[in-house]
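# Remarks on the overall topology
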Amino acid sequence: MDGQKVKDIRHHLDLTQKELADETGYSRSYIALVEAGDMKVSRKLQTKLIRLIEDDEDFFKFLENEKRLLFFSDLK
């Protein structure tokens, strides 16, 4: 998982960096650094994010649509 995926998950959940930090137990500055690609995503943060989205069917539909878009864009 990279910073862009963290940001995508945060946006999907409609959370600010501060709200995601509060949900996961991290600081807002850590979340900002991760999203900017200046820090690696810890396994602990990955686990917490997965728990936030594991029952979110809309998120998985979104991911599936993203995969389709990437597939078709690669054909061009």
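A few points on the structure. (Residues numbered from 1 in each chain as written. Predicted model: local features only at pLDDT ≥ 70, side-chain atom pairs only at ≥ 80, totals over all residues. Heavy atoms only, no water.)

### A word on helix α2 (residues 17-24)
For an α-helix, the turn length of 3.6 residues means that residues three or four places apart are oriented alike. Listed in full, the buried residues belonging to α2 are Leu20, Ala21 and Thr24. One side of α2 carries all its buried residues, which in axial view fall inside an arc of 105 degrees. Facing away from the buried side of α2 by more than 90 degrees, the exposed set consists of Asp22 and Glu23. In this fold, the buried residues of α2 make contact with α1 (3-12), α3 (28-36) and α4 (43-53). Positive backbone phi, approximately 85 degrees, marks Gly25, located one or two places after α2. (Buried < 20%, exposed > 50% of the residue type's maximum accessible area, 1.4 Å probe, protein only. Helix = DSSP H or I, 4+ residues; strand = E, 2+ residues; numbered from the N terminus. Arc of directions from axis to C-beta. Contact = heavy atoms within 4.5 Å.)

### Describing the layout of surface pockets
Think of a ball as big as a water molecule: rolled over the atoms, this probe shows where empty space is left. There is about 370 Å³ of room inside the largest pocket. Taken together, 14 residues line the largest pocket, and the ones lying closest to its centre are Lys5, Asp8, Ile9, Phe59 and Leu63. Contributing elements (two or more residues each) for the lining of the largest pocket: α1, α4 and α5 (57-75). Counting residues per element, the lining of the largest pocket draws most heavily on α5, at seven residues. (1 Å grid on protein atoms, 1.4 Å probe; cavity = no way out; pocket = protein on both sides within 12 Å on 5 of 7 lines; lining within 4 Å. Points joined across faces, edges and corners; volume = space filled by probe spheres on them.)

### Quick word on the nonpolar core
Judged by nonpolar contacts, the single largest core of 13 residues is most densely connected at Val6, Tyr30, Ile31, Leu45 and Leu49. For this core, the secondary-structure elements that each account for two or more residues are α1, α2, α3 and α4. Beyond its immediate sequence surroundings of up to four residues, Tyr30 is in contact with Met39, Lys40, Val41, Ser42 and Leu45. (Core = buried A, V, L, I, M, F, W, Y, C linked by side-chain atoms within 4.5 Å.)

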